[in-house]
Amino acid sequence: MALEAWFMDDSNEDQRLPHHRNPKEFVSLDYLSELGVLYWKLNPENYENDSELGKIREERGYDYMDLLDLCPEKVSNYEEKLRNFFTEHIHKDEEIRYCLAGSGYFDVRDKDDRWIRIWMQPGDLIVLPAGIYHRFTLDTSNYIKLMRLFVGEPVWTAYNRPQEEHPVRKQYTKGLTHKFGEAIKAH
């Protein structure tokens, strides 16, 4: 099954709910790609020996890896951590996550500042570009096991919104403007 993503409603209900609009508005992988979000479907049962994962890591320079079990039973200050993850922010580097078990949501902003919810399930590997506004939450399963990949030593610093003057945000939005400008010229 392919990655599922959709435009979110404006409800303040439990963040762990799907938050579909009515009617539902799904987002294509092509649209996510235009935003700089990359996606692969891999075999999470064979991640330790997966040649496709090895190829992605080698080609993209992901030499750091760790595993994160995120659930109330395994994380101290669970509620506080989840609140921090759900605060809208950017990073200076890509955010690379591979879902090995469980499920959760990455929310990203599109060029029109609309939230897109990306439902991560086992086998989904996504790369969020540096400078994209995003946040993370679990779904109602309250469990996800993620592989976190990074180029070099990880830097987990989050820059909470607003960050319009941050150099990496400026570079990201400049890239979007160029990308969407080219798409308009092509039509």
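Residues numbered from 1 in each chain as written. Predicted model: local features only at pLDDT ≥ 70, side-chain atom pairs only at ≥ 80, totals over all residues. Heavy atoms only, no water.

- As named in an unreviewed UniProt entry, the chain is Acireductone dioxygenase, taken from Camelina sativa.
- Quoted verbatim from the Pathway (unreviewed entry) field of UniProt, the annotation for the chain is "Amino-acid biosynthesis; L-methionine biosynthesis via salvage pathway; L-methionine from S-methyl-5-thio-alpha-D-ribose 1-phosphate: step 5/6."
- As stated in UniProt under Sequence similarities (unreviewed entry), the record for the chain gives "Belongs to the acireductone dioxygenase (ARD) family." (UniProt positions renumbered as here; feature names shortened; annotations may be inferred.)

## What to know about the packing of aromatic side chains
Inference 1: The tally for this structure, following the rule as stated, stands at 6 aromatic pairs.
Inference 2: Seen from their ring centres, Trp6 and Tyr105 are 6.1 Å apart, and the 80° between their planes marks the pair as edge-to-face. Of this pair, Trp6 sits in strand 1 (residues 4–7) while Tyr105 sits in strand 6 (residues 104–109); the two residues are 99 residues apart in sequence, bridging distant segments of the chain.
Inference 3: By relative accessible area, Trp6 is classed as buried at 2%.
Inference 4: Through a chain of ring-to-ring contacts, three or more aromatic side chains come together here, namely Trp6, Phe26, Tyr105 and Trp119.
Inference 5: Over the ring of Tyr105 we find Arg117; its NZ or CZ atom is 4.2 Å from the centre of that ring.
Inference 6: Cation over ring: Arg161 sits above Tyr133, and NZ or CZ is 4.2 Å from the ring centre. (Phe/Tyr/Trp six-rings, centres within 6.5 Å; stacked < 30°, edge-to-face > 60°. Helix = DSSP H or I, 4+ residues; strand = E, 2+ residues; numbered from the N terminus. Buried < 20%, exposed > 50% of the residue type's maximum accessible area, 1.4 Å probe, protein only. Lys NZ or Arg CZ within 6 Å of the ring centre and 35° of its normal.)

## Focus: the pairing of strand 7 (residues 115–120)
Inference 1: A large share of strand 7 lies buried, amounting to 5 of its 6 residues.
Inference 2: Across 4 bridges, strand 1 lies against strand 7 in antiparallel orientation. The residue of strand 7 that forms the bridge with Trp6 is Arg117.
Inference 3: Note: strand 6 against strand 7, 6 bridges, orientation antiparallel. Considered in strand 7, the bridge of Gly104 is made with Met120.
Inference 4: Count of turn residues in the strand 6/strand 7 antiparallel hairpin: 5 residues, of which Asp113 carries a positive phi of about 70°. (Pairing = 2+ DSSP bridges.)

## Some details on the UniProt feature "binding site: Ni(2+)" (unreviewed entry) in the chain
Inference 1: Summarizing the sequence annotation, UniProt attributes the feature "binding site: Ni(2+)" (unreviewed entry) to His89, His91, Glu95 and His134 in the numbering used throughout. Spanning 46 residues, the named residues form one tight spatial group whose C-alpha atoms are at most 11.6 Å apart. Considering only the annotated residues already named, the ones lining the largest pocket are His89, His91, Glu95 and His134.
Inference 2: Relative to the helices and strands, His89 resides in strand 4 (residues 89–90).
Inference 3: In contact with His89, not counting residues within four places along its chain, are Glu95, Ile132, Tyr133, His134, Arg135, Ala158, Tyr159, Asn160 and Arg161.
Inference 4: Its place among the elements puts Glu95 in strand 5 (residues 95–102).
Inference 5: Using a relative accessible area of 8% as the deciding quantity, one classes Glu95 as buried.
Inference 6: Those residues in contact with Glu95, other than ones at most four positions away along the chain, are His89, Phe106, Ile126, Val127, Leu128 and His134.
Inference 7: Among the polar contacts listed, one links the side chain of Glu95 to the side chain of His91, at a separation of 2.8 Å. (1 Å grid on protein atoms, 1.4 Å probe; cavity = no way out; pocket = protein on both sides within 12 Å on 5 of 7 lines; lining within 4 Å. Contact = heavy atoms within 4.5 Å. Polar contact = N/O pair within 3.5 Å; in protein donor to acceptor, adjacent residues only side chain to side chain.)

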